[in-house]
Amino acid sequence: MTETVKLVEIFKVSTQYGRTDRRRLELYQLRDIYINPHHIVYFKENKKLGLENQASRLVEGMLEDIKFTRVILNTSGASNAQLDIVGSPVQFAEKINGG
């Protein structure tokens, strides 16, 4: 059996708009996922999510300075899958390399 790695994904649940100011509010949640490290095409820091979290916590109780990693996975289809993982690229690399 292929070894999988357990990670925490942050994902957008919905986008809402304020009634009076029409500001966009994106709602996020966390979930555990398992990936096959052999399907990783590349990964990099998702600075946009980091900046959004600094401005206003994406998930209640989340630390302000937390980093996020965008992971691109190869699928058997015509396109790749994208995931956003809680943690820096260094932390992600350590996790997928068994550290």
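Residues numbered from 1 in each chain as written. Predicted model: local features only at pLDDT ≥ 70, side-chain atom pairs only at ≥ 80, totals over all residues. Heavy atoms only, no water.

(A) A look at the nonpolar core. Among the nonpolar cores identified, the biggest contains 11 residues, and these are Val5, Leu7, Ile33, Ile35, Ile40, Val71, Leu73, Leu83, Ile85, Phe92 and Ile96. For this core, the secondary-structure elements that each account for two or more residues are β1 (5-17), β2 (24-35), β4 (68-73), β5 (81-86) and α2 (89-96). Once residues within four sequence positions are removed from consideration, valine 71 is found in contact with Ile40, Tyr42, Phe43, Ala81, Gln82, Leu83, Ile85 and Phe92. Formed by 7 residues, the second largest nonpolar core is a distinct cluster that contains Ile10, Leu58, Val59 and Phe68. (Core = buried A, V, L, I, M, F, W, Y, C linked by side-chain atoms within 4.5 Å. Buried < 20%, exposed > 50% of the residue type's maximum accessible area, 1.4 Å probe, protein only. Helix = DSSP H or I, 4+ residues; strand = E, 2+ residues; numbered from the N terminus. Contact = heavy atoms within 4.5 Å.)

(B) How the structure looks around helix α1 (residues 47-55). Buried within α1 are the following residues: Leu49, Gly50 and Asn53. Each buried residue of α1 sits inside an arc of 100° when the element is viewed along its axis, so together they form one side. Facing away from the buried side of α1 by more than 90 degrees, the exposed set consists of Lys47, Lys48, Leu51 and Ala55. (Arc of directions from axis to C-beta.)

(C) Highlighting the environment of valine 8. Take valine 8: it is sitting in strand β1. Residues valine 8 and glycine 87, 79 residues apart in the sequence, show an inter-C-alpha distance of 8.5 Å.

(D) Representation of the environment of threonine 15 in the model. Among the secondary structure elements, threonine 15 is positioned in strand β1. The class for threonine 15 is partly exposed, based on a relative accessible area of 31%. Along the backbone, threonine 15 and leucine 27 are 12 residues apart, and their C-alpha atoms lie at a distance of 6.2 Å.

(E) Examining the layout of surface pockets more closely. Space inside the second largest pocket adds up to approximately 190 Å³. Put simply, the parts of the chain that give the lining of the second largest pocket at least two residues each are β1, β2, α1 and β5. Looking at the lining of the second largest pocket, its residues break down into 5 nonpolar, 2 polar and 8 charged. (1 Å grid on protein atoms, 1.4 Å probe; cavity = no way out; pocket = protein on both sides within 12 Å on 5 of 7 lines; lining within 4 Å. Points joined across faces, edges and corners; volume = space filled by probe spheres on them. Nonpolar A, V, L, I, M, F, W, Y, C, P; charged D, E, K, R; others polar.)

(F) Structural context of the packing of aromatic side chains. Applying the stated criterion across every chain, the model contains 1 aromatic pair. Each ring, one from phenylalanine 43 and one from phenylalanine 92, has its centre 4.7 Å from the other, and the planes form 65°; the classification is edge-to-face. Residue phenylalanine 43 is located in strand β3 (residues 40-45), and its partner phenylalanine 92 is located in helix α2; the two are separated by 49 residues in the primary sequence. (Phe/Tyr/Trp six-rings, centres within 6.5 Å; stacked < 30°, edge-to-face > 60°.)

(G) A nonpolar patch on the surface, seen in detail. A cluster of nonpolar residues, Val13, Leu25 and Leu27, forms a patch on the protein surface that exposes about 230 Å² of accessible area. Leucine 27 sits in the partly exposed class, given a relative accessible area of 31%. (Patch = residues over 30% accessible without salt bridge, like charges linked within 9 Å, V, L, I, M, F, W, Y side chains within 5 Å. Areas by Shrake-Rupley, 256 points an atom, 1.4 Å probe, with all protein chains shown as cover. Salt bridge = Lys/Arg side-chain N within 4 Å of Asp/Glu carboxyl O.)

(H) Highlighting the pattern of salt bridges. Taken as a whole, this structure holds 4 salt bridges when the rule is applied. Close ionic contact of aspartate 32 with lysine 6 constitutes a salt bridge, the shortest N to O distance being 3.4 Å. In this pair, aspartate 32 sits in strand β2 while lysine 6 sits in strand β1, placing the two residues 26 residues apart along the sequence. The class for aspartate 32 is partly exposed, based on a relative accessible area of 46%. Arginine 70 is paired through a salt bridge with aspartate 84; the nearest N and O atoms lie 2.7 Å apart. Of the two residues, arginine 70 sits in strand β4 while aspartate 84 sits in strand β5, which places them 14 residues apart along the sequence. In this structure aspartate 84 comes out as buried when scored by relative accessible area, which is 14%.

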